[in-house]
Amino acid sequence: MGFVVDISEGTLREAWELFENNKKNGIDDNGYAYALWNYRNEMRVIQAARDGKCYCGICGDTGIRPSVFYENGRYYNQLSICKCTDAAAVKQAIMISGLANEVGSKNFKNFETAENYQKVIKQAAKEYLGEIAQNKKTWFYIGGQTGAGKSHICIAIANRFFQNNCKLHYIRWVDELRGIKSDINNTERISKMKNAEVLYIDDLFKGGASNYEISLAFEIINYRDCNKLITIISSELLPEDLKKVDSAIYGRIAANTGVKYFVRVSVDENKNYRLKGKQNDLFGGE
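Residues numbered from 1 in each chain as written. Predicted model: local features only at pLDDT ≥ 70, side-chain atom pairs only at ≥ 80, totals over all residues. Heavy atoms only, no water.

With that settled, the discussion passes to the overall build of the chain. When helices and strands are counted, the chain shows 12 helices and eight strands. Buried positions account for 45% of the 286 residues belonging to the chain. When contacts within the chain are restricted to residue pairs at least 6 apart in sequence, those whose partners lie at least 24 apart make up 72%. Just so you have it, the chain exposes about 15,300 Å², and 50% of that area is on carbon and sulfur atoms. (Helix = DSSP H or I, 4+ residues; strand = E, 2+ residues; numbered from the N terminus. Buried < 20%, exposed > 50% of the residue type's maximum accessible area, 1.4 Å probe, protein only. Contact = heavy atoms within 4.5 Å. Areas by Shrake-Rupley, 256 points an atom, 1.4 Å probe, with all protein chains shown as cover.)

When we look at burial in helix α8 (residues 187–195), the residues that qualify are I190, M193 and K194. An end-on view of α8 places all buried positions within 100° of arc, on one side of the element. Close packing links the buried residues of α8 with β5 (168–172), α7 (173–182), β6 (198–202) and α9 (211–226). (Arc of directions from axis to C-beta.)

Of all six residues in strand β7 (residues 230–235), six are buried, a share of seventy percent or more. Burial along β7 is two-sided: I230, I232 and S234 and T231, I233 and S235, pointing in opposite directions, are all buried. Relative to β7, strand β4 (residues 140–144) is paired through four bridges, and the arrangement is parallel. By the bridge assignment, I142 is partnered in β7 with S234. Looking at chain direction, β6 and β7 are connected through four bridges and run parallel. What sits directly across from I201, in β7, is I233. After leaving β6, the chain enters α9 and then returns to the sheet as β7, a path that is right-handed. (Pairing = 2+ DSSP bridges. Right-handed = clockwise from strand over helix to strand, strands pointing away.)

Glancing now at the packing of α8 against α9. Running from N to C, α8 and α9 point in directions that differ by 40°, and their axes come no closer than 8 Å. As summarised for this structure, α8 and α9 are arranged oblique, according to the angle between their axes. The chirality of how α8 crosses α9 is right-handed. Residues I190, M193, K194 and N195 of α8 pack against L216, E219, I220, Y223 and R224 of α9. (Axes fitted to C-alpha atoms, helices over the stretch in contact; angles between N-to-C directions. Parallel < 35°, antiparallel > 145°, perpendicular 65-115°, else oblique. Left-handed = near helix turned anticlockwise from the far one by under 90°.)

Below, the discussion takes up the packing of aromatic side chains. Two descriptors summarise a pair of aromatic rings, namely the distance from one centre to the other and the angle between the planes of the rings. Under the counting rule described, the total for this entry stands at six aromatic pairs. Ring geometry for Y141 versus F262: centroids 4.8 Å apart, planes at 65°, classification edge-to-face. Of this pair, Y141 sits in strand β4 while F262 sits in strand β8 (residues 262–265), and the two are 121 residues apart along the sequence. The class for F262 is buried, based on a relative accessible area of 10%. Ring geometry for W173 against F205: centres 5.9 Å apart, planes inclined by 80°, an arrangement best described as edge-to-face. You can see W173 sitting in helix α7 and its partner F205 sitting in the loop between β6 and α9, a full 32 residues away along the chain. (Phe/Tyr/Trp six-rings, centres within 6.5 Å; stacked < 30°, edge-to-face > 60°.)

Attention shifts here to unusual backbone geometry. Negative phi is the rule for most residues except glycine; trans is the rule for most peptide bonds. The phi angle at N135 is positive, at roughly 65°, despite the residue not being glycine. Looking at where N135 falls in the secondary structure, it is placed in the loop between α5 (116–132) and β4. The residue D203 is not glycine, and still its phi comes out positive at about 65°. Its location among the elements puts D203 in the loop between β6 and α9. For D203, a relative accessible area of 4% gives the class buried.

Spelled out as structure tokens, the structure:
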């Protein structure tokens, strides 16, 4: 069984002299001095990076953590991946997703639960993530009253996917529809929605649903249903209202959410926190 050798600053300063002396006198130290010398050189690269502007104070944004490793009677250089690469991957995924301005202000911690319906929403979201942690491909749909925290809870869910290095693609339905209509070569945009590892559709069918919108939504949802791709949806439409818009879309969503994660927020203006003067950064746009 090998182990990482603890290197003192004094030993590190003497690394070059030790290496030269052993080499000159033909001393076999099982590779210790050579490994130490290489370790020193790697650390110098990292230190140089640290002296400049860098994200990680441990590896200087090199992404590596050098060490001297001992195993089977010999010393070796070992390079391990710095933990900051995980954080960088999460940061990049958030930037790519389109949610960069949202995830920092919308999470489970600041989702208010003063009212019973808010407790129900938060509990459903947490139990949903519990199923995802068991590698289930369950979907999540929340529909109903505007301003009641639907987008907030979906973004909180999305943030957990980011933390687990999932590639999540976010679209605000109205904006994406406008982009597709204005883009002659829109097949790439549609393909991205269909094939994303995790897709979050915000405000599905906001302002009504034209035949084109229904057709496009069915194409995306049907594809994702057939290919078992996780989908998160928020909408002003209650489940029963969605069924009236298109029963085929409703059926596929219901089959993937089950009753438990087909969450309804009954229409009640008292649940609209925007009208209550709450800060927008608590619940965001719906």
